[in-house]
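# Secondary and tertiary structure notes
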Amino acid sequence: MKAEKTWQLLLELEKRGRMTVSEIMKLLEVSGPTVRRELKYLDERGEIIRHHGSIEKIGRLPDPAHPVARRMRHLSALKKKLAELAAAELPEKGTVFIDGGTTTAHLAAFLNSPNLRVITNSLLLSGRLQELHPMSGGPELFLTGGRLNRKSQILLGHSAERMIDSFHADAAVLSACALDEDYLYDNLEDAAALQRKMMENSDKVIIVENSEKLGEKALCKVFPADRISVLITNFAPEKNSVISCLRRKKVRVMIQN
């Protein structure tokens, strides 16, 4: 089940406290087997309390992201193509911020210049760069520090934000949870806050999103869509209205066919 539907379910459960399987099927417009598979998965992650025919909230609002290993397998070939397009937008020399995410992690394969400084909160990206350039070569790498979100393998919190605030970047590459004609969104407040800092301290903001996330909303507004310099996404005719709106706001849209 898509992460957006999982988040919708968890938010509704937070309001109601308890939901039946039939209520979930009606809310999400999905089949019984799909619901039961997702509930088993959420129960194993400790995100819900599962009963026969119903679920109960656990008293805290959970992180809706799927574990990073699962997300890395989803659309991996497409994400690599989108990352390659994003890399072509980056300078050979200078400083770039790269936000954590499974799409931005693929940038490692295309970052080879020793004159480039990469500042990131992504353990995935830093690990891949270390594998590709174990002793020398490749870009200079800075990690933001901060609190580790183990599920997504990203660093967050005030320490990470202060690190970003102490630099100026030629470009920032971000990949959030959703993007409509008005805002970029994320599901986590601290992730949104860090992305906002990257935007504020960069000359150019590059958003890399697969088309599944276009036209969608999430819990936290990161920043207005008109602050985006470049959107890199894949072709999906049903998203044309969103893309047209973004282009009217002077966002340059690059589409991977």
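Up top is the structure these notes are about.
Here's what I pulled together on the structure shown here. All values reported here derive from a predicted model rather than from experimental measurement.

### Describing the sheet that holds strand S10 (residues 178-179)
Through backbone hydrogen bonds, the strands of a sheet pair up, either in parallel or in antiparallel fashion. Sheet architecture is open: three strands sit in the order S10-S11-S13, paired in antiparallel fashion. For this open sheet the edge positions go to S10 and strand S13 (220-224), each flanked by a neighbour on one side alone. In the sheet, S10 pairs with strand S11 (residues 183-186) via two bridges, with the strands oriented antiparallel. Its bridge partner being in S11, Leu179 is matched across the sheet by Leu184. Of the strands in this sheet, S11 and S13 touch helix H8 (residues 189-200), which is tilted by about 10 degrees from S13.

### Overview of the nonpolar core
Formed by 33 residues in total, the largest nonpolar core has its most connected members in Leu179, Leu184, Ile207, Phe223 and Leu231. When residues of this core are traced back to their parent elements, those giving at least two are strand S8 (154-156), helix H7 (158-165), strand S9 (171-174), H8, strand S12 (205-208), S13 and helix H9 (240-248). For this core, the leading source of residues is H8, giving five residues. The residues touching Leu179, leaving out its near neighbours within four places in the chain, are Leu184, Tyr185, Lys213, Leu214, Gly215, Glu216, Ala225, Ile228, Leu231, Val242 and Leu246.

### Section: the sheet that holds S9
One open sheet accounts for seven strands, arranged S6-S5-S4-S9-S12-S14-S15; its pairing is parallel. The sheet terminates laterally at strand S6 (140-143) and strand S15 (252-256), the two strands that pair on one side only. Pairs of neighbouring strands in the sheet enclose a mean axial angle of 20 degrees, with direction left out of account. As defined by bridge partners, strand S14 (residues 230-234) adjoins S15 across five bridges and the pair is classed as parallel. Paired with Val230 across the two strands is Arg252, which belongs to S15. On the sheet, helix H6 (residues 123-132) packs against strand S4 (94-98), strand S5 (116-120) and S6 and is oriented at approximately 150 degrees with respect to S6.

Cut-off values and rules
Residues numbered from 1 in each chain as written. Predicted model: local features only at pLDDT ≥ 70, side-chain atom pairs only at ≥ 80, totals over all residues. Heavy atoms only, no water. Pairing = 2+ DSSP bridges. Helix = DSSP H or I, 4+ residues; strand = E, 2+ residues; numbered from the N terminus. Contact = heavy atoms within 4.5 Å. Axes fitted to C-alpha atoms, helices over the stretch in contact; angles between N-to-C directions. Core = buried A, V, L, I, M, F, W, Y, C linked by side-chain atoms within 4.5 Å. Buried < 20%, exposed > 50% of the residue type's maximum accessible area, 1.4 Å probe, protein only.

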